[in-house]
Amino acid sequence: MSITTSGPDLEVPSLNTPHMRRILASSFIGSAIEFYDFILYATAASLVFNRVYFTDLEPTVAIFASFATLAVGYLARPIGGVVFGHFGDKLGRKGVLVTSMLMMGVATTLIGLLPTTAQIGMLAPVILIVLRLIQGLAVGGEWGGAMLMALEHAPKRRRGFAASFANMGGPAGAVLATLAVSAVSVLPEEQFLSWGWRLPFLFSIVLIGVGLIIRLKVAESPLFAALEDKAAQKKLPLTEVLTRYPKSVVLGTLVGMSSYTVQGVMTVWAISYVVESAGMDRTSVLLIKAVGATLTVIGIWIAARYCDRIGRRPVMMIGITAGAVLALPIMWGLELGQFWIFMIALFLANGLVQAFIFGPFGAFTAELFPTRIRYTGASLVYQLSSTIGAGFTPMIVSALVIVAGGKLWLAGVVWVGAFLVAALAMRGVREGRDQDLNAEDMR
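What you are looking at is a predicted structure, and each value in this text was computed from that prediction instead of being measured. (Residues numbered from 1 in each chain as written. Predicted model: local features only at pLDDT ≥ 70, side-chain atom pairs only at ≥ 80, totals over all residues. Heavy atoms only, no water.)

Novice: What am I meant to see in the overall build of the protein here?
Specialist: Along its length, the protein carries 20 helices and 0 strands. A compact globule built from 443 residues would reach a C-alpha radius of gyration of about 22 Å, and the protein, at 21 Å, matches this within 12%. Each of the three principal axes of the protein carries a C-alpha extent, and together these read 65 × 45 × 40 Å. Taking all 443 residues of the protein together, the buried fraction comes to 61%. Long-range contacts, defined as pairs at least 24 residues apart, comprise 87% of the intrachain contacts of the protein with a sequence gap of at least 6. Here the protein displays about 16,200 Å² of accessible surface, and carbon together with sulfur accounts for 70% of that area. (Helix = DSSP H or I, 4+ residues; strand = E, 2+ residues; numbered from the N terminus. Rg over C-alpha atoms; globule rule 2.2 N^0.38 Å. Buried < 20%, exposed > 50% of the residue type's maximum accessible area, 1.4 Å probe, protein only. Contact = heavy atoms within 4.5 Å. Areas by Shrake-Rupley, 256 points an atom, 1.4 Å probe, with all protein chains shown as cover.)

Novice: In this structure, what is going on with the packing of helix H13 (residues 246-276) against helix H16 (residues 339-358)? I would like to understand it.
Specialist: Each pair of packed helices can be described by the angle between their axes along with the distance between the axes. Viewed as axis vectors pointing N to C, H13 and H16 meet at an angle of 160°, and their least axial separation amounts to 9 Å. Relative to H16, H13 is oriented roughly antiparallel. Handedness of the H13/H16 crossing: left-handed. Of the residues in H16, those in contact with Val255, Ser258, Ser259, Tyr260, Val262, Gln263, Met266, Thr267, Ala270, Ile271 and Val274 of H13 are Phe342, Ala345, Leu346, Ala349, Asn350, Val353, Gln354, Ile357 and Phe358. Here the contact of H13 with H16 is built from residues that sort into 14 nonpolar, 6 polar and no charged. (Axes fitted to C-alpha atoms, helices over the stretch in contact; angles between N-to-C directions. Parallel < 35°, antiparallel > 145°, perpendicular 65-115°, else oblique. Left-handed = near helix turned anticlockwise from the far one by under 90°. Nonpolar A, V, L, I, M, F, W, Y, C, P; charged D, E, K, R; others polar.)

Novice: What is the right way to look at the pattern of salt bridges in this model?
Specialist: Side-chain pairs of opposite charge can arise where the charged atoms are in close proximity. Counted under the stated rule, the structure contains 10 salt bridges. Across the salt bridge formed by arginine 282 and glutamate 189, the nearest N and O atoms sit 3.1 Å from each other. On the criterion of sequence distance, the pair formed by arginine 282 in helix H14 (residues 282-310) and glutamate 189 in helix H8 (residues 189-196) is long-range, its members being 93 residues apart. Judged by relative accessible area, which is 14%, arginine 282 ranks as buried. Take glutamate 189: its relative accessible area is 33%, and that puts it in the partly exposed class. (Salt bridge = Lys/Arg side-chain N within 4 Å of Asp/Glu carboxyl O.)

Novice: Honestly, the packing of helix H6 (residues 123-151) against helix H18 (residues 374-391) in this entry has me stumped. Any pointers?
Specialist: Packing of H6 against H18 brings their axes to within 9 Å, and their N-to-C directions diverge by 125°. Relative to H18, H6 is oriented oblique. For H6 against H18, the interelement crossing comes out right-handed. Where H6 abuts H18, its residues Val139, Gly140, Gly141, Trp143, Gly144, Gly145, Met147 and Leu148 lie against Arg374, Tyr375, Ala378, Ser379, Tyr382 and Gln383.

Novice: Hey, could you run me through the confidence of the model for the protein in this one?
Specialist: Caution applies to low-pLDDT regions: their predicted coordinates should not be interpreted in detail. Taken as a whole, the protein shows an average pLDDT of 84; of its residues, 92% reach a score of 70 or greater. At the low end of the mean pLDDT range in the protein sits helix H11 (residues 222-227), at 55; at the high end sits helix H15 (residues 312-336), at 95. With pLDDT under 50 throughout, residues 1-12 is counted as low confidence; its partners more than four residues away or in other chains account for 26 contacts. (pLDDT = per-residue confidence, 0-100.)

Novice: How do you make sense of the environment of leucine 57 when you look at a structure like this?
Specialist: With respect to the secondary-structure elements, leucine 57 resides in the loop between helix H2 (49-52) and helix H3 (59-91). Once the C-alpha coordinates of leucine 57 and arginine 372 are considered, the two residues, 315 residues apart in sequence, prove to be 49 Å apart. Leaving out residues up to four positions away in the same chain, leucine 57 has contacts with Ala62 and Ala65.

Novice: Is there a simple way to explain the side chain of serine 258 in this structure?
Specialist: One can find serine 258 in helix H13. When sequence neighbours within four positions are dropped, the list of residues in contact with serine 258 reads Ile320, Ile357, Phe419 and Ala422.

Novice: Can you walk me through the packing of aromatic side chains in this structure?
Specialist: Aromatic ring pairs: the centre-centre distance and the angle between the two ring planes describe each pair. In the structure shown here, the tally under the stated rule is 19 aromatic pairs. Here the aromatic rings of tyrosine 260 and tyrosine 382 are separated by 5.5 Å at their centres, their planes lie at 85°, and the arrangement is edge-to-face. Of the two residues, tyrosine 260 is situated in helix H13 and tyrosine 382 in helix H18; the sequence distance between them amounts to 122 residues. Looking at tyrosine 260, the relative accessible area reads 2%, which means it is buried. Taken together, the aromatic side chains of Tyr41, Phe49, Tyr53, Trp197 and Phe201 make up a single cluster linked through ring pairs. A cation over a ring is seen here: arginine 282 above phenylalanine 192, with NZ or CZ 4.3 Å from the ring centre. For arginine 309, the ring lying beneath its charged end belongs to tyrosine 306, and the centroid distance is 5.1 Å. (Phe/Tyr/Trp six-rings, centres within 6.5 Å; stacked < 30°, edge-to-face > 60°. Lys NZ or Arg CZ within 6 Å of the ring centre and 35° of its normal.)

Following this line, the structure appears as structure tokens:
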């Protein structure tokens, strides 16, 4: 049965066709490559940039400044989601995905070539911030398009699983980024800080080439193609999202923040904490982080399959509830400074809490908005969640630890609060598993 781009039935019969396999592979690989670049920066911010670009500051201030540049990229993500979402809703999903990938690849490669503060002075951190902004804009447009290309091609009863391929690409990219940094971290300290850390950034140009070859072979979304003739009649997507669907944006963001709080705490701040404060071996910690990201992929796979059977909300609530229960024990465990406790804490946070919230999240956000504004709406919810939930978390947790006199209990309390807010927000969101994606109004 061929895919049609008009008429009432726009579905394909299954995910197991050559065309759908190509779409799912493009969604997964494209997302993995973009998040390789984005998470690579987060890892370097935890271990390198405070010692290369903020060398004149006190150690605690230097790591705070390094995390601040990380936050800049997250601030740019909602802007990228709106800009790329606008053109994705007006002109199509495919073209903006190619553009976002090129932007990300160029920015990441240039970071790998950027001279240090010792070489060019304060111009170095300024350029670093600009390149981080470009990364944020690019990844802001990536996820929504990659997720929608899979979801809008998929059969109704497999939408959650199809959309999750973009979500699985994120932690898969994190695995690749972490392993890349781990490989160069075995170098002597001086060589690692001088040139070793740059190699994973330069490798990005190879990955981008592979991703573009795959992405250019994928057809446009059939749901968008069915509306393409009406493109000139479409209103400004962002205006319609904010005026007709403000509740969906607010509640969706509050739910999504819970998953990204886990990412900000455990895969960025905690990595720096256990290496710098607890004295754990850098390479071993990075390898455990890679295993944790692998467990996230597996967890997303499981959660996404079940969300097509029992619904998005029940599966996501498993992760939210687990996060609220485990937040304080995890912080207590990190404070003990034992490697095996850190390992267990990271595995639970990634493989259970984050994965079960994040697995259905693609379909969850897409089913909040109609096709004509879905790219903009879903991207805005996702990127606001990531910016608020993960972008500022490392800085906030660092500040809370200082306020608590070096103890982690206060950070744990705030973390519990984030999950409770998410649980309350979920009560106001309807179940979207049986939602008709062709509906004109999704409220």
